[in-house]
Amino acid sequence: MKLSPEELHDNALKPETLNSAVQQVKMNGYIVFEGVLPRDLVTELHATFMEAFEAHIARTDTNRGVNRYQMHMPFMSPLIDPRVITNPLALGVIDALLGDDCVCHYFASDTPLPGSDYQAVHPDIQLLFPETDLSLPAYSVVLNIPLIDFRDDNGPVEIWPGGTHLMPGRLNMQELAPLMHSERVLMPAGSLLIRDMRMWHRGTPNRSDSVRPNMALIYSRAWLKTTYPPIDIPRETYDRLSNRAKHLFRFEDIGGPLVNVS
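Draft legend 1. Region of interest: helix H3 (residues 39–59). If you check H3, its first and last C-alpha atoms are 30 Å apart, about what 21 residues at 1.5 Å a residue would give, namely 30 Å. Every buried residue belonging to H3 is among Leu-41, Val-42, Leu-45, Thr-48, Phe-49, Met-50, Ala-52, Phe-53 and His-56, and all of these are buried. The inward-facing, buried residues of H3 contact strand S2 (68–72), helix H4 (82–85), strand S3 (103–112) and strand S9 (214–220).

What follows is the structure, given as structure tokens:
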């Protein structure tokens, strides 16, 4: 979805845009706002991310398959710019789905290097009641921000839209997914991809000659308990956050050390 110049200037979705975006996430499992973040911010984010990432992979083995790394990002500027962690365009949709008492409890990345392979098809969160056929409202969504253009050759995420986030837990994804429609999410750097965490997806091979960096933030209803480690946030950093950001990160490790600083 391309936002209007007015929406980008005002950092606010028109009511009709918000309604359409929310309905698309509810029905299809995702929405993309194309090219939202300004180029100068994306350039800063990319430089800081890559410095931390290069140091991380120098001391760590791959942990998401061949030539693919998950890395918890250091909670520091410019990675925690308000246009990232409390982006009003994204939060408009997230609040409509989860309520404005939601929390952010994941600040990390999934980055394929050249030579990475396909991941198995998977959702990113457990179903609340996998023994039933209940289709429940969203309780956790992920915000992905590409730091370079996601092209067909550099390992974009592949998704299965049209209701996989609403399917019961007894289905065999590996058997069904090849028979169902899927799409690769191609988008320019600085876009916002909002995706229901239950949606079927996988990483695809990076056949380019460069790293494909991506930021991932998970927002959930405040009562949801997960196994993700808490985000380490230095006390002085937390104290400088906006009230909304403090509320989003209120359950994290306030006073913890920065992680993955190069």
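Draft legend 2. Focus on the layout of surface pockets. Approximately 390 Å³ is the volume found for the largest pocket. Residue lining of the largest pocket: 27 residues in total, with Asp-110, His-122, Asp-124, Arg-195 and His-201 positioned closest to the centre. Of all the secondary structure elements, the ones that give two or more residues to the lining of the largest pocket are S2, S3, strand S4 (140–146), strand S7 (192–196), strand S8 (201–203) and S9. In terms of residue class, the lining of the largest pocket is made up of 11 nonpolar, nine polar and seven charged. When its volume is computed, the second largest pocket comes out at roughly 210 Å³. Taken together, Val-103, His-105, Ala-222, Leu-224, Lys-225, Thr-226, Tyr-228, Pro-229, Pro-230, Phe-251 and Glu-252 make up the full set of residues lining the second largest pocket. Its residues assigned to classes, the lining of the second largest pocket shows seven nonpolar, two polar and two charged.

Criteria and cut-off values
Residues numbered from 1 in each chain as written. Predicted model: local features only at pLDDT ≥ 70, side-chain atom pairs only at ≥ 80, totals over all residues. Heavy atoms only, no water. Helix = DSSP H or I, 4+ residues; strand = E, 2+ residues; numbered from the N terminus. Expected span 1.5 Å × (residues − 1). Buried < 20%, exposed > 50% of the residue type's maximum accessible area, 1.4 Å probe, protein only. Contact = heavy atoms within 4.5 Å. 1 Å grid on protein atoms, 1.4 Å probe; cavity = no way out; pocket = protein on both sides within 12 Å on 5 of 7 lines; lining within 4 Å. Points joined across faces, edges and corners; volume = space filled by probe spheres on them. Nonpolar A, V, L, I, M, F, W, Y, C, P; charged D, E, K, R; others polar.

Everything listed here is a matter of geometry and, on its own, says nothing about what the molecule does.
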